[in-house]
Amino acid sequence: MHDENSSPKTYRDAMARYAGHVQIVTTAAGGMMRGVTATACTSVSDAPPTVLACVNRHNPRNGLFAEAGNFAINTLGTRHRALADAFSGLGGLSTEQRFAEATWDLSGSGAPVLVGALASFDCRLIEAREVASHWILIGEVIGVRLGDADKPLIYFDRGYCSM
Ligand SMILES: Cc1cc2nc3c(=O)[nH]c(=O)nc-3n(C[C@H](O)[C@H](O)[C@H](O)COP(=O)(O)O)c2cc1C
């Protein structure tokens, strides 16, 4: 199928064929916490270590990401499937209930870091750039944690799988 106009539906169908490693992006400030299941995260550079994460700015709960000055990218394994569901809003849990599903440390930046993540990237927010419906959060990585090895939790064809 060829769609010259690249309609939103065709765009979404095409992105469903793009496998993404599932992360929980977290932030905290002033006694508030926020975490979002996300695949729109990637490395920008290793010198200096820099990453980005895209979060929907039309969701008012995501405002904290732009305000807090910190975020962490927590890389999930297959054992974190239920946690990915909770932080994507499935089950309708409150923020407190979502975080209570796992153990978190407060990192150097102030963002919650998932104990037992495959890896965690603790970031100082350099810039929250508004692009279309999302903020592109650009972060300087100020701390990295390596957890136990596990198969990665992948999102592909609108469902979870691994490799
Ligand atoms: C596999 C998967 C990947 C997602 N990736 C992103 C993403 O990259 N950025 C984003 O803003 N939302 C993403 N979402 C949606 C958010 O997880 C979801 O909208 C949000 O957590 C809902 O939070 P709320 O229930 O507190 O409003 C993704 C959801 C799933 C299931």
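Everything numeric here is computed off the predicted structure, so don't read it as measured data.

## Regarding the sheet that holds strand β2 (residues 23–29)
Across the sheet, seven strands lie side by side as β3-β2-β6-β9-β10-β5-β4; this open sheet has antiparallel pairing. Each of the sheet's edge strands pairs with one partner strand only, and the pair in question is β3 (32–38) and β4 (41–46). Taking each pair of neighbouring strands and ignoring which way they run, the sheet shows an average axis angle of 30°. Summarising the sheet, strand β9 (residues 119–131) and strand β10 (residues 134–146) pair through 12 bridges and their orientation is antiparallel. Bridge pairing links E130 to W135 in β10.

## Comments concerning the packing of aromatic side chains
Counted under the stated rule, the structure contains four aromatic pairs. Ring geometry for Y155 versus Y160: centroids 5.1 Å apart, planes at 70°, classification edge-to-face. You can call Y155 partly exposed: its relative accessible area is 34%. For Y160, a relative accessible area of 23% gives the class partly exposed. What links up through ring pairs into an aromatic cluster is the set F87, F99 and W104.

## Points about a nonpolar patch on the surface
Nonpolar side chains collect at one region of the surface, where Y11, M15 and Y18 lie side by side and expose about 370 Å² of accessible area between them. Assignment of secondary structure puts M15 in helix α1 (residues 8–15).

## Side note on the UniProt feature "domain: Flavin reductase like" (unreviewed entry) in the protein chain
Following the UniProt record, the feature "domain: Flavin reductase like" (unreviewed entry) maps to residues 15–162 here. Taken end to end, residues 15–162 comprises 14% helix and 50% strand; its first and last C-alpha atoms sit 17 Å apart.

## Here we look at the site of the ligand
Residues in close proximity to the ligand total 18 residues, the closest being R34, T37, N56, R61 and F87. A distance of 2.9 Å separates a nitrogen atom of the ligand from a polar atom in the backbone of C54. Take N59: an N or O atom from its side chain is 2.9 Å from an oxygen atom of the ligand. Relative to its unbound accessible area of 640 Å², the ligand is 76% covered by the protein chains. Taken together, the elements giving at least two residues each to the shell around the ligand come down to β3 and β5 (49–56).

Procedures and definitions
- Residues numbered from 1 in each chain as written.
- Predicted model: local features only at pLDDT ≥ 70, side-chain atom pairs only at ≥ 80, totals over all residues.
- Heavy atoms only, no water.
- Pairing = 2+ DSSP bridges.
- Helix = DSSP H or I, 4+ residues; strand = E, 2+ residues; numbered from the N terminus.
- Axes fitted to C-alpha atoms, helices over the stretch in contact; angles between N-to-C directions.
- Phe/Tyr/Trp six-rings, centres within 6.5 Å; stacked < 30°, edge-to-face > 60°.
- Buried < 20%, exposed > 50% of the residue type's maximum accessible area, 1.4 Å probe, protein only.
- Patch = residues over 30% accessible without salt bridge, like charges linked within 9 Å, V, L, I, M, F, W, Y side chains within 5 Å.
- Areas by Shrake-Rupley, 256 points an atom, 1.4 Å probe, with all protein chains shown as cover.
- Salt bridge = Lys/Arg side-chain N within 4 Å of Asp/Glu carboxyl O.
- UniProt positions renumbered as here; feature names shortened; annotations may be inferred.
- Near = heavy atom within 4 Å.
- Polar contact = N/O pair within 3.5 Å; in protein donor to acceptor, adjacent residues only side chain to side chain.

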